[in-house]
Amino acid sequence: MTGAGNESTPPVDDEPVAALPAAFVITSVDAGLRLDHFLTGRYPEYTRSALNKLIAASLVLVDGSQVKAGYRLRERETVTVVLPAPEPLDLTPEKIEFSVLHEDAHILVINKPPGLVVHPAGGHRSGTLVHGLLHLCRELPAADAGRPGIVHRLDKDTSGVMLVAKTELALRVLMADFKDRKIHKTYHALLLRCPRDNEGRVSSPIGRHPVDRKKMAVRPVHGKHAATNWRVLERFANGWGWAEIEIETGRTHQIRVHMASIKSPVAGDALYGGSVDRRAIIRPLRQMLHASTLRFRHPVNGETLRCTAPLAEDMQQVLTALRGIGS
């Protein structure tokens, strides 16, 4: 496949409905940070401008007093934040194309196509996987949160297997199992530069990028524990590699960040250094990352299930083209 690869935030209500404030006591780690920078790390789903509006509206206070966005925080100060109520979502069922890998009374396992956003947010108010799930299953748990049935997510341009809860019981059990790392996840990826070793493990904390809020980054101090295991399955003449990847944790953009950190970014991932040269014969239109398999215990009957999603057509085409190089 050839072509050029192209690569949100809740709005502030006009009349915010106050919730119980969140309180943060500043430690030595965060002392000296600007208030707006501190908030960006705590609320990555909000833009800097949205957070500044909250500060200006006295919804963010430091030791009970209003300060400016550029205020430098001091150790042991308390930052209180009151977020406005989110804008109600119109979750109208829509027919969205995706294949079903398994379904019973309590769970649904699907193969998410690339390019499909999982749930409404920011500029994606319709046409998401959630809208398609509601078309398939009219009633799903946690609909009031805008993410009915969703127990985990995949990035928009990542394809592959996703697990959905159809009942409240299944939702509670599966969310707990994901949190407790009881669900085994295997991915496959095309890497722009194949690692020298045949296998390895990356264990580096991941947190929000200190400057670019759209990105995550390895953050030794501010990040959360994350571990990724990888194994090279195939090496190609152009230096790319085909790898099987298993994650022990489930941080945002984890595979993309960890593989980029060892100089082997996911091919086609412009955000993390995987852009392909315009002159290259093979140029993916998206990041070549696929969630291949989920192995888990059924939330009700305890049966061990293993669900595998076939590769998306565009990824299979790139893989076939790579295998043809030099043959």
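In this report, the structure presented in the accompanying data block is examined. (Residues numbered from 1 in each chain as written. Predicted model: local features only at pLDDT ≥ 70, side-chain atom pairs only at ≥ 80, totals over all residues. Heavy atoms only, no water.)

What follows concerns the overall build of the protein chain. Helix and strand counts for the protein chain come out as six helices and 14 strands. Across the 327 residues that make up the protein chain, the buried fraction comes to 46%. In the form shown here, the protein chain has an accessible surface area of approximately 16,500 Å², with 50% of it arising from carbon and sulfur atoms. (Helix = DSSP H or I, 4+ residues; strand = E, 2+ residues; numbered from the N terminus. Buried < 20%, exposed > 50% of the residue type's maximum accessible area, 1.4 Å probe, protein only. Areas by Shrake-Rupley, 256 points an atom, 1.4 Å probe, with all protein chains shown as cover.)

Phi is positive for Arg76, which is not a glycine, with a value near 75°. Relative to the assigned elements, Arg76 resides in the loop between β2 (60–62) and β3 (78–81). Despite not being glycine, Arg181 has its phi angle at roughly 60°, a positive value. Structurally, Arg181 is set in the loop between α4 (168–179) and β7 (184–191).

Taken together, the buried positions of helix α1 (residues 35–42) are occupied by Leu35, Asp36, Phe38, Leu39 and Thr40. Residues of α1 that are buried make contact with β1 (22–25), α2 (48–56), β2 and β3. (Contact = heavy atoms within 4.5 Å.)

Attention now goes to the pairing of β3. Here β3 shows a clear split, with Val79 and Val81 buried on one side and none of Thr78 and Thr80 buried on the other. Pairing analysis gives four bridges linking β1 to β3, with the strands arranged antiparallel. Across the sheet, Ala22 pairs through a bridge with Val81, a residue of β3. Note that β2 and β3 share three bridges and pair antiparallel. Each bridged residue has a counterpart across the sheet, and for Leu61 the counterpart in β3 is Thr80. (Pairing = 2+ DSSP bridges.)

Right, let's get into the sheet that holds β1. Reading across from one edge, β1-β3-β2 is the order of the three strands in this open sheet, with antiparallel pairing throughout. Because the sheet does not close on itself, it has two edges, and the strands there are β1 and β2. Across this sheet, the average inter-strand angle for adjacent strands is 15°, counted without regard to direction. (Axes fitted to C-alpha atoms, helices over the stretch in contact; angles between N-to-C directions.)

Turning our eyes to something else, we now look at the nonpolar core. Formed by 48 residues in total, the largest nonpolar core has its most connected members in Leu129, Leu133, Leu163, Tyr187, Ile245 and Phe296. Residues within four places of Ile245 in sequence aside, it is in contact with Lys185, Thr186, Tyr187, Ala189, Thr228, Asn229, Trp230, Ile255 and Met259. Grouped together as the second largest cluster of nonpolar side chains are 20 residues, Leu39, Tyr43, Tyr46 and Val67 included. (Core = buried A, V, L, I, M, F, W, Y, C linked by side-chain atoms within 4.5 Å.)

Attention now moves to the pattern of salt bridges. Scanning the entire structure with this criterion turns up eleven salt bridges. Measuring nitrogen to oxygen at the nearest pair gives 2.9 Å for the salt bridge that ties Arg256 to Asp155. You can see Arg256 sitting in helix α5 (residues 254–261) and its partner Asp155 sitting in the loop between α3 (129–136) and β6 (159–165), a full 101 residues away along the chain. By relative accessible area, which is 22% here, Asp155 ends up partly exposed. A salt bridge links Lys156 to Asp157, with the shortest nitrogen-to-oxygen separation between them at 3.5 Å. Residue class for Asp157 comes out buried when judged on its relative accessible area of 11%. Residues participating in the shared-partner salt-bridge network are Asp155, Arg256 and Asp269. (Salt bridge = Lys/Arg side-chain N within 4 Å of Asp/Glu carboxyl O.)

Quick look at the packing of α1 against α2 now. Two elements in contact, α1 and α2, have axes whose closest approach is 10 Å; the angle formed by their N-to-C orientations is 120°. As α1 packs across α2, the resulting crossing turns out to be right-handed. Touching Leu35, Asp36, His37, Leu39 and Thr40 of α1 are Arg48, Leu51, Asn52 and Ile55, all from α2. Considered class by class, the residues forming the contact of α1 with α2 number four nonpolar, three polar and two charged. (Left-handed = near helix turned anticlockwise from the far one by under 90°. Nonpolar A, V, L, I, M, F, W, Y, C, P; charged D, E, K, R; others polar.)

To continue, consider the side chain of Asp314. Inspection of the secondary structure puts Asp314 in helix α6 (residues 313–324). A relative accessible area of 13% places Asp314 in the buried class. In terms of polar contacts, Asp314 uses its side chain to reach the side chain of Arg286, at 2.7 Å. (Polar contact = N/O pair within 3.5 Å; in protein donor to acceptor, adjacent residues only side chain to side chain.)

Geometric values such as these leave the question of function open.
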